[in-house]
Amino acid sequence: MKTKRLFYFIGILVMAMVIWMVSDTISQPGVKDLKMDFIEVAFYRNENNTGPIKRIYAVTVEDTIWSEMRKYGELMPHTKYGNTQVFFFLSSQESPEKLRSEPPYFDVRFDKYCVGKFEKKPMGEESFSKYPFKNN
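Residues numbered from 1 in each chain as written. Predicted model: local features only at pLDDT ≥ 70, side-chain atom pairs only at ≥ 80, totals over all residues. Heavy atoms only, no water.

Visitor: Let's hear about the overall build of the chain: which residues, and what values?
Guide: If you tally the helices and strands in the chain, you get 2 helices and 5 strands. Secondary structure elements of the chain occur, N-terminal to C-terminal, as α-β-β-α-β-β-β. Along the three orthogonal principal directions, the C-alpha set of the chain runs to about 80 × 35 × 25 Å. The buried share of the chain, reckoned over its 136 residues, is 32%. Residue pairs at least 24 apart in sequence account for 60% of intrachain contacts in the chain once pairs closer than 6 positions are excluded. Taken as a whole, the chain presents about 9,500 Å² of accessible surface, with 57% of it coming from carbon and sulfur. If the 20 positive side-chain charges of the chain are averaged to one point and the 17 negative ones to another, these points end up 9 Å apart. (Helix = DSSP H or I, 4+ residues; strand = E, 2+ residues; numbered from the N terminus. Buried < 20%, exposed > 50% of the residue type's maximum accessible area, 1.4 Å probe, protein only. Contact = heavy atoms within 4.5 Å. Areas by Shrake-Rupley, 256 points an atom, 1.4 Å probe, with all protein chains shown as cover. Lys, Arg positive; Asp, Glu negative; His and termini not counted. Charge placed at Lys NZ, Arg CZ, Asp CG, Glu CD.)

Below is the structure:
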């Protein structure tokens with residue numbers, strides 16, 4: 001009789017852990033949980049899967065809520081030794097539709113419309129800058 005109770009107890013414990021893990025996985029924060037709407041207008045990813053992965057995004061936003069832009073950048077995929085860059089543009093202004101693999105990543109005429117840049121560097125260091133091309 002004791003063996004049966006132990007078996008049921010372990011079974012209930014395992015089921016509770018499975019339910020907890022699934023609910024935790026489903027409830028992870030994502031881009032839709034942010035306060036602003038982010039629209040990806042251009043994306044570049046290098047085709048080389050054997051070396052560092054380079055991802056470049058051009059994203060439009062409605063407003064310059066810097067903390068939300070930073071959170072969006074932090075949610076973007078990143079690969080160890082890779083580089084992820086997100087350029088933010090106001091949706092009411094012009095933004096690039098194509099990105100290139102090397103700097104400048106888009107036509108320089110869009111520099112004046114870029115309101116923010118988030119970058120995750122190869123070892124995971126993050127940086128965010130407001131108006132990154134303002135001095136140009």
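Visitor: Which residues make up the packing of aromatic side chains, and what are the values?
Guide: Counted according to the given criterion, the structure contains 13 aromatic pairs. Taken together, a centroid distance of 5.6 Å and an interplanar angle of 75 degrees make the contact between Trp66 and Tyr131 edge-to-face. With a gap of 65 residues between them, Trp66 in helix 2 (residues 66-75) and Tyr131 in the segment after strand 5 (126-130) connect regions that are remote in the sequence. On the accessibility criterion, Tyr131 (38% relative accessible area) is partly exposed. Ring centres of Phe89 and Phe106 lie 5.5 Å apart, and the angle between their planes is 75 degrees; this geometry places the pair in the edge-to-face category. On the criterion of sequence distance, the pair formed by Phe89 in strand 3 (residues 83-90) and Phe106 in the loop between strand 3 and strand 4 (114-120) is long-range, its members being 17 residues apart. Here a set of aromatic residues connected by ring pairs shows up, and it is made of Phe38, Trp66, Tyr72, Phe88, Phe128 and Tyr131. (Phe/Tyr/Trp six-rings, centres within 6.5 Å; stacked < 30°, edge-to-face > 60°.)

Visitor: I'd like a rundown of the nonpolar core, residues and numbers included.
Guide: Of all hydrophobic cores here, the largest spans 15 residues; its most connected members are Phe38, Val59, Val61, Met69, Tyr72, Val86 and Phe88. Elements with a minimum of two residues in this core: strand 2 (54-61), helix 2, strand 3 and strand 4. Not counting residues up to four positions away in its chain, the partners in contact with Phe38 are Val31, Val59, Thr60, Val61, Glu68, Met69, Tyr72 and Phe88. Ala58, Phe110, Cys114 and Phe133 belong to the second largest nonpolar core, which has 12 residues in total. (Core = buried A, V, L, I, M, F, W, Y, C linked by side-chain atoms within 4.5 Å.)

Visitor: Got a sec to walk through the pattern of salt bridges? Specific residues and values, please.
Guide: In this structure the tally under the stated criterion is 6 salt bridges. In this structure, Glu102 and Lys54 form a salt bridge, with 3.6 Å as the shortest nitrogen-oxygen distance. One end of the pair, Glu102, is in the loop between strand 3 and strand 4; the other, Lys54, is in strand 2, with 48 residues separating them in the sequence. Residue Lys117 pairs with Glu119 through a salt bridge whose shortest N-O separation is 3.7 Å. Residue classification places Glu119 among the buried positions, given a relative accessible area of 12%. Residues participating in the shared-partner salt-bridge network are Glu94, Asp107 and Arg109. (Salt bridge = Lys/Arg side-chain N within 4 Å of Asp/Glu carboxyl O.)

Visitor: Could you give me a rundown of the environment of Cys114, with the residues and numbers involved?
Guide: Assignment of secondary structure puts Cys114 in strand 4. Taking the relative accessible area as the measure of exposure, Cys114 reaches 2% and is therefore buried. Spatially, the C-alpha atom of Cys114 lies 7.2 Å from that of Pro132, the residues being 18 residues apart in sequence. Once you skip the residues sitting within four places of it in the chain, Cys114 turns out to touch Phe87, Phe88, Phe89, Tyr131, Pro132 and Phe133.

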